[in-house]
Amino acid sequence: MTRRAGARPARVAVLGAGSWGTTFGKILADGGSDVVMWARRAELASEIHTGKRNSKYLPGINLPRSMSATAQLEEAIDGAEQIYLSIPSQSLRENLKVLRPMLVGSEIPLVSLMKGVEKRSGLRMSQVIEQEMACDPARIAVASGPNLALEIAQEQPTAAVISSIDADTAAAVALLARNRYFRTFVNSDVIGTEFGGVLKNLIAVAIGIVDGVGYGENTKASIITRGLVEMTDFAVAQGAQSETLQGLAGLGDLIATCQSPLSRNNTAGRLLGQGYSFQDVVSQMQQTAEGLASVAPVLQLARASGVEMPIVEQVKRVLDGTMNPREIAPHLTTDDDTPKGERTQYGQAGGGGALWRSIQRALDQLRNGGGGPRSDRP
Ligand SMILES: NC(=O)C1=CN([C@@H]2O[C@H](COP(=O)(O)OP(=O)(O)OC[C@H]3O[C@@H](n4cnc5c(N)ncnc54)[C@H](O)[C@@H]3O)[C@@H](O)[C@H]2O)C=CC1
Ligand SMILES: O=C(CO)COP(=O)(O)O
């Protein structure tokens, strides 16, 4: 599926003009779309619209001419063929309540760019969208991957995955959300793709704590590796495919977020490791660190499904002020003495699953007909 040569540019809307929403708007505009951003604050809308800048969130970045902005939601979505949502996860629902009456009868794709779960319900963002918009889940797509906003805004080559239960929706989004520096792959595992983005934030907070305390590479590598096992066990228990956690939305994003000082989750962790309290960290953070609000609902879901998450448990204890950050380790110090197996509960990490991978690859090739966006699976 490709867009016809010479066809008029697609008109798309991006709701939320923070660092990721604005960067994603640039990705879409550089891919050939006419993009209208919605910013909650009129001054920010005006800076983007007139000055082609978003100096608070993306200092030094010039935005494309085909990107405009407004603080009027109805104006932003008028005529849009796709709507992208990049609002902090805890505020998404209230914004959708305003959006819903404006989209009655519409069937256009709604794309989540967010990486959190709702604290009070434990729902993923695509579930909140489905609930509040009362829409067919086939209309919903999710974008995820190792996507630190500022690096992409600087046009550094990057890959991401677009996930939807509907292959046509995923392909339609992937075809617009790509350009010379941003390549999108597709998959149909929405649960795994969303939880990959949520869970890597929690491991990035742990890595930040390690950095703040002053521990070195062995501790970090141990926590990243065991963190991937926790991510996989948790996500699979919620219905994800383990392979997704080995892809861009899992391992890929885990690497990027854990090693980059640009990551807000990593930064929040570093402050905790240096001895700042949770309240101090929240007041110092100028931008959204989704991991801080996702810890509690993730642990609740983990306990309900019998999944052990020792690293995430420790992050929670440090956040609560009940554990000294220096005690952080890839295991709970209260673990029993019985040696544990290294593999994920599902036997996929670094080993099994070769047969499944081959079947999946064959299915993906069939689905994609050899052309168009490809799967991100190994
Ligand atoms: N920044 C990044 O590198 C990436 C961020 N994400 C995800 O994108 C989502 C958005 O994050 P960022 O843009 O980075 O956050 P940000 O902190 O840079 O910007 C958030 C934006 O939302 C606005 N906002 C805050 N409260 C609001 C409300 N109640 N209603 C409407 N708008 C509100 C803020 O004014 C700001 O414009 C998060 O879920 C994050 O995990 C995903 C990939 C990369
Ligand atoms: O999701 C991200 C990179 O893929 C951004 O991570 P932070 O939210 O920690 O900055």
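Residues numbered from 1 in each chain as written. Chains lettered and ligands numbered in written order. Predicted model: local features only at pLDDT ≥ 70, side-chain atom pairs only at ≥ 80, totals over all residues. Heavy atoms only, no water.

1. Brief notes about the packing of aromatic side chains
Counted by the stated rule, this structure contains 4 aromatic pairs. Measuring from ring centre to ring centre gives 5.4 Å for Phe 24 and Tyr 84, while their planes differ by 35°; the resulting arrangement is tilted. One end of the pair, Phe 24, is in helix α1 (residues 19-30); the other, Tyr 84, is in strand β4 (residues 82-85), with 60 residues separating them in the sequence. Overall, Tyr 84 belongs to the buried group, its relative accessible area being 0%. Relative to Phe 234, the ring of Phe 195 lies with its centre 5.0 Å away and its plane at 85°, an arrangement referred to as edge-to-face. Of the two residues, Phe 195 is situated in helix α8 (residues 190-213) and Phe 234 in helix α9 (residues 217-237); the sequence distance between them amounts to 39 residues. For the pair shown, Phe 195 and Phe 234 are each scored as buried. Members of the aromatic cluster, connected to one another through ring pairs, are Trp 20, Phe 24, Tyr 84 and Phe 182. (Phe/Tyr/Trp six-rings, centres within 6.5 Å; stacked < 30°, edge-to-face > 60°. Helix = DSSP H or I, 4+ residues; strand = E, 2+ residues; numbered from the N terminus. Buried < 20%, exposed > 50% of the residue type's maximum accessible area, 1.4 Å probe, protein only.)

2. So, the UniProt feature "binding site: sn-glycerol 3-phosphate" (unreviewed entry) in the protein
Annotation from UniProt places "binding site: sn-glycerol 3-phosphate" (unreviewed entry) at Lys 115, Gly 145, Lys 200, Asp 253, Ser 263, Arg 264 and Asn 265. On the secondary structure map, Gly 145 appears in the loop between β6 (140-144) and α6 (149-153). Its relative accessible area of 0% is what places Gly 145 among the buried residues. If sequence neighbours within four positions are ignored, Gly 145 has contacts with Lys 115, Leu 248, Ala 249 and Asp 253. Along the chain, Asp 253 falls in helix α11 (residues 248-259). A distance of 2.7 Å separates the side chain of Asp 253 from the side chain of Lys 115, its partner in a polar contact. (UniProt positions renumbered as here; feature names shortened; annotations may be inferred. Contact = heavy atoms within 4.5 Å. Polar contact = N/O pair within 3.5 Å; in protein donor to acceptor, adjacent residues only side chain to side chain.)

3. Topic: the site of ligand 1
In the vicinity of ligand 1 lie 23 residues, with Ser 19, Trp 20, Ala 149, Thr 288 and Glu 290 positioned nearest. Interatomic distance of 3.3 Å between a side-chain N/O atom of Ser 91 and a nitrogen atom of ligand 1. Ala 149 places a polar main-chain atom, nitrogen or oxygen, 2.8 Å from an oxygen atom of ligand 1. Of all the secondary-structure elements, those providing two or more residues to the shell around ligand 1 are α1 and α4 (92-99). Counting residues per element, the shell around ligand 1 draws most heavily on α1, at 3 residues. Class assignment for the residues of the shell around ligand 1 results in 9 nonpolar, 9 polar and 5 charged. The two domains that each donate at least three residues to the shell around ligand 1 are domain 1 (11-188) and domain 2 (192-327). (Near = heavy atom within 4 Å. Nonpolar A, V, L, I, M, F, W, Y, C, P; charged D, E, K, R; others polar. Domains from an automatic or database assignment.)

4. Some remarks on unusual backbone geometry
The phi dihedral of Lys 52 is positive, around 50°, even though this residue is not glycine. Mapping Lys 52 onto the fold places it in the loop between α2 (42-51) and β3 (67-70). Assessed through its relative accessible area of 18%, Lys 52 is described here as buried. Positive phi outside glycine occurs at Glu 155, with the angle close to 70°. Under the relative-accessibility criterion, Glu 155 is labelled partly exposed at 30%.

5. What about the domain arrangement of the protein?
Along its sequence, the protein is carved into domain 1 (11-188) and domain 2 (192-327). Taking only C-alpha atoms into account, the centre of domain 1 sits 24 Å from that of domain 2. The interface is formed by 30 residues belonging to domain 1 together with 26 residues belonging to domain 2. Together domain 1 and domain 2 conceal approximately 2100 Å² of surface at their shared face, both sides included; 64% is due to carbon and sulfur atoms. Of all residues in domain 1, Lys 115, Val 117 and Leu 148 bury the most surface against domain 2, accounting for 26% of the area lost on that side. Linking domain 1 with domain 2 are 2 salt bridges, by the criterion used here. Here Asp 253 makes a salt bridge to Lys 115, at a shortest N to O gap of 2.7 Å. Between the two partners, domain 1 and domain 2, sit 10 residue pairs in polar contact (both at pLDDT 80 or more). Contributions of two or more residues to the side of domain 1 that touches domain 2 are made by α5 (125-133), β6, α6, β7 (158-163) and β8 (182-187). Per-element tally for the side of domain 1 that touches domain 2: the top contributor is β7, with 4 residues. Here the side of domain 1 that touches domain 2 is built from residues that sort into 12 nonpolar, 12 polar and 6 charged. (Buried area = accessible area lost by both parts, 1.4 Å probe. Salt bridge = Lys/Arg side-chain N within 4 Å of Asp/Glu carboxyl O.)

6. Looking at the pattern of salt bridges
Inspection of the entire model under this criterion finds 15 salt bridges. The residue Asp 320 makes a salt bridge to Lys 316 at a minimum N-O spacing of 2.7 Å. One end of the pair, Asp 320, and the other, Lys 316, are both in helix α15 (residues 310-320), 4 residues apart, so they sit about a helical turn from each other. The class of Asp 320 is partly exposed, set by a relative accessible area of 46%. Judged by its relative accessible area of 24%, Lys 316 is partly exposed. Salt bridges sharing partners connect three or more residues here, namely Lys 26, Asp 30, Glu 155 and Arg 180.

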